[in-house]
Amino acid sequence: MRLIHWPKRLSITTKLLLWCLTLIVIFYATTTFLLLRIRDIVDASGSVATVHHEIDSATQRMIRTLLSLEENRKRYEILKKDDYIQYVINDLAGFKETLDRVLERHPEYREQWKPLTEEFSIILSTDAGPETLVLPDKTVNAWITLLSETRQANQLETETQLRELNQAGRDAARMGFFGLMASIAAGLAGSIFIAYWLNRSLSEVRRGIRDLAQGGEMKPVRVLSSDELGELARAFNSMTTRLKQEEQMRSDFISMLSHEIRTPLTSIRESVELVSDGVFGDLNERQLHFLEISKKEIQRLTSLLTRLMTVSSMEANDLKLRPEPLDAETFVRSVIERIQPAATAKSIHISLRLPPAPCRALADFEHVQQVLLNLLGNAVKFSPTGSRIMVSAEAEADRVVFCVRDEGRGIPEAEQAYVFRKYYREPAVRASVDGVGLGLSIAKRIVDAHGGEMWLTSEEGKGSCFCFSLPKAGELE
């Protein structure tokens, strides 16, 4: 038996709590990573939305102002109206206001826009020739060129950052998806492992309990952990060890008691037979009647001792089988012939259903005869007067199945799992029907020793059907 230890003894609750904390850590790590990536994207998008957009808007507004200024200058030179001078002054004031606001919010442009902040002069001429009227002012033209270059560079940088934001968003979405899938996979894998680990330990205990409940061999279960489930497995093993010891003590006691009782019982039976045969003188009818009752009771005690001895022998693995080909029809008819007087006494009709072709089972006649006799005897015992019993034999691929169906009261579903256990008797018949609950247990052990199976189907109020299978012998020649 191999014992698997954790590094330290941890309870199931502690292990589950640690696993929950691990899942929480994985979840928060994934969420934190995604939030950091989203924050970087938001910061970058904020820069595009505020800085670059503001620069683009400001440069576009200043260019429009300079174009308006240039237009008013030319109008003044052509129309010679002083109003246009005021327009030029207003445009310069608006240009300066916009420029100061941009440089205040974005001082990184001071060096680049230094030409815009130096002293400048705008030439206003009223006697210029026609050829100079269409020429732009050099200062204004230089400013427009500088602002246009700045705006173009800003747009290029904006496009670059937008592409980077788009790629970053795709990367974040992809990494978030894979992170989520990895978290889910880790959670599922861990949960499956924990479920497997818990179920493995519980399966061992369930198997032991099921075998114990079905009357099978009491085997120790494997101890697969050192937590509460391991303690449960160790407690179960201690219990099975104790039960096996007590079972052995009871078996030894029954065996000893059976041997001790058999000798005086034999003497009593022989004495009764001698008296009954008139060896010690003639007997009247009343005396013979009571001697006959004594014989029946002695026979009943002898039968009980025989069953107890059989159980003791089986538990000691002393059951010796001499299997040989057994014709199914001959076997069934011989058993029915032995049970027929008891059936006739209760007006019970026994019918027989055989396979269309002869078949043989490989079995020890004396032992399997006891099995079928027990099933038929129980069917007669628990069937109402005037009912029917069906005995059938059916050949299958590698076995022969024998069934006994009665019309008795049936067995409750809750009790069916226990009928093949030693000393078990259904509570409803304990007070009204004789027996010690050994017949079916002995029958099942005999069938199991042959490599067959025994089972039942029953429904309350509709009777029961007990079946057993035996290995099939070779084909008849």
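That block above? That's the structure.
S.K.: Could you give an account of the side chain of Asn72, naming the residues involved and the relevant values?
M.R.: Secondary-structure assignment places Asn72 in helix H1 (residues 12–79). When neighbours within four sequence positions are excluded, Asn72 is seen to be in contact with Tyr84, Tyr87, Val88 and Asp91.

S.K.: Can you lay out the sheet that holds strand S5 (residues 399–405) for me, pointing to particular residues and giving the numbers?
M.R.: Here we have five strands laid out as an open sheet, ordered S2-S4-S5-S7-S6, and mixed in their pairing. The open sheet has two edge strands, strand S2 (349–353) and strand S6 (454–458), and neither has a second partner. Taking each pair of neighbouring strands and ignoring which way they run, the sheet shows an average axis angle of 15°. Direction of pairing for S2 relative to strand S4 (residues 388–395): parallel, over a ladder of five bridges. By the bridge assignment for S4, Ser351 is matched with Met390. Contacts from helix H9 (residues 365–382) reach S4, S5, S6 and strand S7 (464–471), with the element oriented near 175° to S7.

S.K.: Give me the nonpolar core: which residues, what numbers.
M.R.: Formed by 41 residues in total, the largest nonpolar core has its most connected members in Phe331, Leu372, Leu376, Ile389, Phe402, Met454 and Phe468. Among the elements of the structure, helix H8 (328–345), strand S3 (360–363), H9, S4, S5, helix H10 (439–449), S6 and S7 are those that each provide at least two residues to this core. Per-element accounting of this core gives the leading share, eight residues, to H9. If you look at the next biggest cluster of nonpolar residues, it comprises 19 residues, including Leu66, Leu103, Leu116 and Ile144.

S.K.: Provide a residue-level description of the state of the cysteines, including the pertinent values.
M.R.: For the structure on display, the rule yields one disulfide. Linked covalently through their sulfurs, Cys403 and Cys467 form a disulfide whose S-S length is 2.1 Å. On the sign convention where negative means left-handed, the S-S torsion of about 115° between Cys403 and Cys467 marks this disulfide as right-handed. Note that Cys403 is positioned in strand S5 and Cys467 in strand S7, a separation of 64 residues in sequence.

S.K.: Go over the pairing of S6, please, and point to the residues and values.
M.R.: Only one face of S6 is buried, namely the one carrying Met454, Leu456 and Ser458, since none of Trp455 and Thr457 on the opposite face is buried. Bridging between S6 and S7 involves five bridges; their strand directions are antiparallel. If you follow Met454 over to S7, its bridge partner there is Phe468. Counted between consecutive antiparallel strands, the loop separating S6 from S7 contains five residues, among which Gly461 sits at a positive phi close to 85°.

S.K.: How would you sum up H8? Please name residues and give values.
M.R.: The terminal C-alpha atoms of H8 lie 26 Å apart, and with 18 residues this matches the ideal 26 Å at 1.5 Å per residue to within 8%. Considering bend angle alone, the principal kink of H8 is centred on Ile339 and spans about 45°; proline Pro341 follows within four residues of it. Of the positions making up H8, those classed as buried are Ala328, Phe331, Val332, Val335, Ile336, Ile339 and Ala343. Contacts made by the buried residues of H8 are with strand S1 (324–327), S2, H9, S4, S5 and S7. Positive phi shows up at Ser347, right after H8, with a value of about 55°.

S.K.: Now, about a nonpolar patch on the surface: what can you tell me, with residues and values included?
M.R.: Judged by side-chain polarity, Phe177, Phe178, Leu180, Met181, Ile184, Leu188 and Ile192 come together as a nonpolar surface patch covering roughly 700 Å² of accessible area. Position of Leu180 relative to the elements: it lies in helix H5 (residues 138–213). Overall, Leu180 belongs to the partly exposed group, its relative accessible area being 45%.

S.K.: I'd love a proper account of the packing of aromatic side chains, names of residues and values included.
M.R.: What describes a pair of aromatic rings is the distance from one ring centre to the other and the angle between the planes of the rings. A full pass over the atoms with the stated rule returns seven aromatic pairs. Note on Phe402 and Phe468: the rings are 5.3 Å apart at their centroids and 25° apart in plane angle, and the pair reads as stacked. Taken as a pair, Phe402 in strand S5 and Phe468 in strand S7 lie far apart in primary sequence, 66 residues in all. Assigned by exposure class, Phe402 and Phe468 land together as buried. Joined through ring pairs, the aromatic side chains of Phe331, Phe365, Phe402 and Phe468 make up one cluster.

Thresholds, definitions, all that
Residues numbered from 1 in each chain as written. Predicted model: local features only at pLDDT ≥ 70, side-chain atom pairs only at ≥ 80, totals over all residues. Heavy atoms only, no water. Helix = DSSP H or I, 4+ residues; strand = E, 2+ residues; numbered from the N terminus. Contact = heavy atoms within 4.5 Å. Pairing = 2+ DSSP bridges. Axes fitted to C-alpha atoms, helices over the stretch in contact; angles between N-to-C directions. Core = buried A, V, L, I, M, F, W, Y, C linked by side-chain atoms within 4.5 Å. Buried < 20%, exposed > 50% of the residue type's maximum accessible area, 1.4 Å probe, protein only. Disulfide = S-S within 2.5 Å. Expected span 1.5 Å × (residues − 1). Bend = angle between axes of the 7 residues up to and from the residue. Patch = residues over 30% accessible without salt bridge, like charges linked within 9 Å, V, L, I, M, F, W, Y side chains within 5 Å. Areas by Shrake-Rupley, 256 points an atom, 1.4 Å probe, with all protein chains shown as cover. Salt bridge = Lys/Arg side-chain N within 4 Å of Asp/Glu carboxyl O. Phe/Tyr/Trp six-rings, centres within 6.5 Å; stacked < 30°, edge-to-face > 60°.

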